[in-house]
Amino acid sequence: MIGAFKTPTLRHLAFSEPYFHSGEYASLEDVLREIVRLSEMARAGQLREPDVELLNVKLKDSDVGLLMAFLAALNE
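Residues numbered from 1 in each chain as written. Predicted model: local features only at pLDDT ≥ 70, side-chain atom pairs only at ≥ 80, totals over all residues. Heavy atoms only, no water.

1. Topic: the packing of aromatic side chains
When we look at a pair of aromatic rings, we describe it by the centre distance and by the angle of the planes. This is how it is decided: Here a pair means two rings of Phe, Tyr or Trp (six-membered ring of Trp) with centres within 6.5 Å. Their orientation is stacked below 30 degrees between planes, edge-to-face above 60, and tilted elsewhere. Partly exposed describes any residue whose relative accessible area lies between the buried limit of under 20% and the exposed limit of over 50%, with all areas from a 1.4 Å probe on protein chains only and scaled to the type maximum.
Tallying each qualifying case throughout the model produces one aromatic pair. Centre to centre, the rings of Phe-20 and Tyr-25 are 4.8 Å apart; their planes meet at 70 degrees, and the pair counts as edge-to-face. Among the residues examined, Tyr-25 registers a relative accessible area of 14% and is labelled buried.

2. Things to note about the layout of surface pockets
Let me state the cut-off plainly: Cavities and pockets are defined on a 1 Å grid built over the protein atoms alone: a cavity is a set of grid points where a 1.4 Å probe fits but cannot escape, while a pocket is an open set with protein on both sides within 12 Å along at least five of seven lines, and lining residues are those with an atom within 4 Å of any such point. Grid points are joined across faces, edges and corners, and a volume is the space filled by probe spheres set on the points. Amino acids are sorted into nonpolar (Ala, Val, Leu, Ile, Met, Phe, Trp, Tyr, Cys and Pro), charged (Asp, Glu, Lys and Arg) and polar (every other residue, Gly among them).
Considered as a void within the structure, the largest pocket measures approximately 170 Å³ in volume. In this structure, the largest pocket is lined by Phe-5, Thr-7, Pro-8, Thr-9, Leu-10, Arg-11, His-12 and Leu-13. Residue composition of the lining of the largest pocket, by class: four nonpolar, three polar and one charged.

3. Quick word on the confidence of the model for the chain
Under the convention used in this document: Per-residue confidence from the predictor is reported as pLDDT, which spans 0 to 100. Secondary structure elements follow DSSP: runs of H or I no shorter than four residues count as helices, runs of E no shorter than two count as strands, and numbering proceeds from the N terminus.
When pLDDT is averaged along the chain, the result is 90, and 99% of the positions lie at 70 or above. Taken element by element, the chain is modelled with least confidence in helix α2 (residues 52-56), mean pLDDT 92, and with most confidence in helix α1 (residues 28-43), mean pLDDT 94.

Shown next as structure tokens:
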């Protein structure tokens, strides 16, 4: 396991702001909406060399509230 990357847990995610590597998103809802936007752009061919995983994201704006509720349930 030398050099292995440990994926951080989703528990208490709401208390770990700011989000993204640059810290430019103050809320999880902003992050989810940005992922929705970028995935739609990637599938429409509007991003140069998008990550393959981004192409597989099939979220809609209507899914954001449900995901927020799930993530909130992981906070203690």
